[in-house]
Amino acid sequence: MPRISVTVDGIRYDEEVEPRLLLVHLLRDRLGKTGTPIGCDTSNCGACTVLLDGRSAKSCSILAVQADGCDIVTIEGLSTDGTWHPMQRAFHEEHALQCGYCTPGMILAAIDLLHDDPDPSEETIREGLEGNLCRCTGYCTIVRAVRRGAREMSRDQEGAATS
Amino acid sequence: MTEQLDAGVAAWQIKESDVLDGREVGRARRRKEDARLVTGRTQWTDNIQLPGMLHVAFLRSPMAHARITRVDTSVARTQPGVVAVFSGADFAAEQGSLPCVWPVSEDIVIPDHPPMAVTEVRYVGEAVACVVATDRYKAADALDAIEVDYEPLDAVTDMTSALDEGGPKVHEAGNKAFTWTFAQGDIEAAFRDAAVRVERTFVQQRLIPSAMEPRAVVAQTDGDAFTLHSSTQIPHILRVMLALTTGIPEHKLRVVAPDVGGGFGSKLQVTAEEVLCLLITRRLGRPVKWTESRSEGNLTVHHGRDQLQRISVAADADGRIRGVKVDLLADMGAYLMLVTPGVPLLGAFMYSGVYKMDAYDFTCTGVFTTKVPTDAYRGAGRPEATFAIERMVDELAAELGMDPIELRRRNWIRHGEFPYTTVCGLTYDSGNYEAATDRALALFGYDRLRAEQADRRAREDPVQLGIGVSTYTEMCGLAPSRVLGSLSYGAGGWEHASVRVLPTGKVEVVTGTSPHGQGHETAWSQIVADALGVPFEDVAVLHGDTSSSYKGMDTYGSRSLVVGGVAVVQACEKVKEKARQVAAHLMEASPDDIEFSRGEFRVRGTGTSRTIQEIALATFAAHDLPDGFEPRLDADATFDPDNFSFPHGTHLCAVEVDTETGATRIRSYVAVDDVGNVVNPLIVEGQVHGGIAQGIAQALFEEAVHDADGNLLTTTMADYLLPSAADLPAYTTDRTETPATTNPLGVKGVGEAGTIASTPAVVNAVVDALRPYGVRDVPMPCTPERVWRALGQARTPQRTDGGLS
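Residue numbers here run from 1 along each chain, matching the order of that chain's written sequence. Numbering of ligands from 1 and lettering of chains from A proceed in the order in which they are written. Restriction of local features to residues with pLDDT of at least 70 applies here, the model being predicted, together with a cutoff of 80 or more for giving and counting side-chain atom pairs; totals for whole chains, interfaces and linings are based on all residues. Hydrogens are left out, water is left out, and the side-chain values use all remaining heavy atoms of the structure.

Draft legend 1. Structural view of the interface of chain B and chain A. Between two residues, a contact is recorded if the distance between any of their heavy atoms is within 4.5 Å. Contacts between the two partners involve 61 residues from chain B and, on the opposite side, 50 residues from chain A. We count a salt bridge whenever a side-chain nitrogen from Lys or Arg sits within 4 Å of a carboxyl oxygen from Asp or Glu. Between chain B and chain A we count 6 salt bridges in total. Each polar contact in these results corresponds to two N or O atoms within 3.5 Å; when the atoms are within protein, one needs to be able to donate a hydrogen and the other to accept it, and residues that are neighboring in sequence are counted only if both atoms are side-chain atoms. Scanning the region where chain B abuts chain A turns up 26 residue pairs in polar contact (both at pLDDT 80 or more). Among the elements of the structure, α1 (2-11), α2 (34-39), α5 (136-143), α10 (294-300) and α20 (681-700) of chain B are those that each provide at least two residues to the side of chain B that touches chain A. A run of H or I in DSSP counts as a helix once it spans at least four residues, and a run of E counts as a strand once it spans at least two, with each numbered from the N terminus. Counting residues per element, the side of chain B that touches chain A draws most heavily on α20(B), at 10 residues. Residues that form the side of chain B that touches chain A fall into these classes: 29 nonpolar, 21 polar and 11 charged. Each residue gets one label: Ala, Val, Leu, Ile, Met, Phe, Trp, Tyr, Cys and Pro are nonpolar, Asp, Glu, Lys and Arg are charged, and the others, such as Gly, are polar.

Have a look at this one:
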């Protein structure tokens, strides 16, 4: 069985895995990282989105062996020292979640979106999150949250640059 | 778009800091639930891992209708990691029949519904065997080694032809499940000499509810008692029904709904997999888990809608509606599940909408087909009824050459006429259709958009503007028990709450409602904070576990606040009365002289007071209580309302339709809803937004499609088009507040309102855009292809030699 080494939320794991094991099942069933849920089997819904070497990836469409050597951040690793990431705060403030099942993927996809465009328009947000489905909110509050998160993240960065 | 989104925010400014005289109710509290959801510390059923746990995978029928002639599990049993393999025959003696609790007529046909098929399969996806293995991959692998021989039978996929004599039968007794009729007033007279009559046929396409969390079940036993975790909306109903189905005594069965990722009616069910997982754990003595894949769920989670509506309206020349006649076929699918036959009945009383009329006539026939059963999906019966009447009022307006708003004004129940008993016999307690409509028209810029529409029509612009109106109401807040009983529903509609005051003055609320995204923990905390004068943060809400919350009727039908929230209020009142006794005793005053305000009991006219926290501690110590006083402040309440709840509102939709490509774009959407008093405006807006999105989805995007052999073609999210952020518009929302008079909070249900309202608003807009071309209807979903075909048919003169290609 192939042996892989992955870092998940700052912890290194060396694991023997079947070649067919999906990354999301490695995370959930083997490593107990159940913060990352599964919503479909055709990579349409994006609930399982994680950051793989800093970019968003749907962990249901990646084999665990393909993640060998990668650094993975899940929703569980987003807070630092108990302080929520600005995007987590923004989703809470703007009521951008109801059942919350799509939320981990939505937050991580939104963070990746800001990677490319730190001040996205409504259209950019809507198109950028097209691969993440939500059944509860109708998306308006998610768009508001991403804008708010973007504002707070750029303010944090400015603060870091000037301090 | 940007401008519109901001307009939406401005229309309903939501600030948590808004001071409401110190009250919690009405405040836009951010949700308590969010902390675990935004950090991934969730408890979805599939997250549960237990020592020695086994995984179940189901083999499902690839045929819509077939006799099972042989099932061979012998090879599968020898596969690595496989602990057991079962077929339907293995469970036949103990699996019982999945329940239907709504036998709507005396002569209804309720076929036997084995959780695992034994001799015959009646839809693609029905379970025929299962593997129990040490992990989910091994369980899925071994399914390939099970051999099943089928003798194909004819599929029955079309409701209308299913009723033809001599055709293939889904069940021995035939394809008609029931016919249910309801009539009020003299319908013949209403239609006989009416100046205008309009008749239409609408197809309510089959929909897949698609909660984001797929279903999952974990069952375990200690050899005596059983615990079932399930992604369900109805842990309490499930416990009773599973006890009755499996024979496990109710007191030996605990059902838990942990975090549940959405339901929309799809988890208001007693499923085959829940029954089978219990039976498997009973046999093997080990914990088992089953989690469905999305494509498995699309095949097997009950579907929604799927009705064929023939509706006629008769009116006077001035537009006054005289009567409405409805003839409905409702596709039950292959079996009657929990409330399958009752869904069209929930719509039966809503075809008069917000309008006054003399007569009403309703007939519904439930039809069996070889498809997955239908059952409740957000709105359940009421979206269908509201769609039909709101579409018809727009059609009638077109027929009369009248503005659709003006026609509605002539017919709706005026503000001064409430309470009003409708032609269907419902008494609407309160409402103000004028106020909601006037506000919506102003936000929408109705006159300006009509002017633009006229201009585009005059210019023959290839992109036409359409304006759609929906002035909806609905009956929700399911309850009242006596009414449900009169409709042959198998249970009541009350709700239960317990309030427990802890020694330190913190409060636990146990609710019989079972939230799965609605935010009850937050809203109930606000209600209790006001009622007992304790801080919002000092309230915890317990739910969804029959061991802590033994009594409840769960969450569906927009009932949680209007029934369950009121039960919480009533329990708090009892707590307060007990605390008043203790306070009076401690302060040596008469209870009649004790005033209560914001958590403080004060002797009237003095400076002497005790806080509720002090009373809680004194009651815990019990050293000095009134003679005979039971040392507890805790109290229960069970509330059963006298009437349904009737939210209403006006939704306006403007669409741009490209007449060359058929593409529709929602240009603006305004919703002004009246859900009575509001506990948390943030949560209400969320419910309205999400509801509108699901209604738009029916209007423009979603449809479960079967081929002639009964195969579902939309088994994945790649085929079944759930709208993404890029597909939906921003919504401009506002509210009017006409308090309900039937409950002490003055609240009305909100969970389904948006979905009920929005579908006709969108389709009315699409048809309005195309009306100059002679289009009178576009079947849902109004895809570019369907719009384009509707235009083509309207533009091409009718041929008599076989019709249009």
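Now that the structure is up, let's keep going.
Draft legend 2. The sheet that holds strand β6 (residues 147-152) of chain B, seen in detail. All names here are of chain B. For two strands to be treated as a pair, DSSP must find at least two bridges joining them. Read across the open sheet, the 3 strands follow the order β4-β2-β6; overall the sheet is antiparallel. Unpaired on one side and paired on the other, β4 (120-121) and β6 mark the two borders of the sheet. Bridge count between strand β2 (residues 66-72) and β6: 6 bridges; the pairing is antiparallel. Bridge assignment links isoleucine 68 to a residue of β6, and that residue is tyrosine 150.

Draft legend 3. Molecular detail of the domain arrangement of chain B. Residues and elements named next belong to chain B. Examined at the domain level, chain B breaks down into domain 1 (45-153 + 215-291), domain 2 (376-476 + 646-794) and domain 3 (494-639). In this document the domain limits rely on a domain assignment from an automatic tool or a database. The straight-line distance from the C-alpha centre of domain 2 to that of domain 3 is 41 Å. Listed per partner, the contact involves 17 residues of domain 2 and 14 residues of domain 3. Throughout, buried area stands for the accessible area (probe radius 1.4 Å) lost by two parts on being put together, summed over both. Sorting the residues of domain 2 by area buried against domain 3 places Val679, Ile683 and Leu745 first, and these three jointly supply 40% of that buried surface. In this structure, the connection of domain 2 to domain 3 is made through 0 salt bridges. Along the contact surface separating domain 2 from domain 3 lie 4 residue pairs in polar contact (both at pLDDT 80 or more).

Draft legend 4. The domain arrangement of chain A, seen in detail. Residues and elements named next belong to chain A. For chain A, the assigned domains read domain 1 (3-77) and domain 2 (86-162). Put simply, the middle of domain 1 and the middle of domain 2, counted by C-alpha atoms, are 21 Å apart. Contact with domain 1, which involves 18 residues of that partner, is made by 14 residues of domain 2. Surface buried jointly by domain 1 and domain 2 totals about 1200 Å² across both partners, of which 56% is contributed by carbon and sulfur atoms. Three residues stand out in domain 1 for area buried against domain 2, namely Thr49, Arg55 and Ile75, and they jointly supply 39% of the buried area on that side. Taken together, the connections running from domain 1 to domain 2 amount to 2 salt bridges. Our enumeration of links across domain 1 and domain 2 arrives at 8 residue pairs in polar contact (both at pLDDT 80 or more). For the side of domain 1 that touches domain 2, the class distribution of residues is 8 nonpolar, 8 polar and 2 charged.

Draft legend 5. Broad picture of the side chain of B:Glu213. Its location among the elements puts B:Glu213 in the loop between β8 (196-207) and β9 (216-221). From its side chain, B:Glu213 meets the backbone nitrogen of B:Gly261 in a polar contact 2.8 Å long. Apart from residues lying up to four places away in sequence, B:Glu213 is in contact with A:Tyr101, B:Trp44, B:Thr45, B:Ser231, B:Asp259, B:Val260, B:Gly261, B:Lys267 and B:Arg294.

Draft legend 6. Structural detail: the environment of B:Ala589. Residue and element names in this part refer to chain B. Relative to the helices and strands, alanine 589 resides in the loop between α18 (560-586) and β22 (594-597). On the basis of relative accessible area, alanine 589 is assigned to the partly exposed category, the value being 21%. Between the C-alpha atoms of alanine 589 and proline 739, which are 150 residues apart in sequence, the distance is 37 Å. Among residues more than four places away in sequence, those in contact with alanine 589 are Ala584, Ile594 and Val603. Using a 1.4 Å probe on the protein chains alone, a residue whose accessible area is under 20% of its type maximum counts as buried, one over 50% counts as exposed, and one in between counts as partly exposed.

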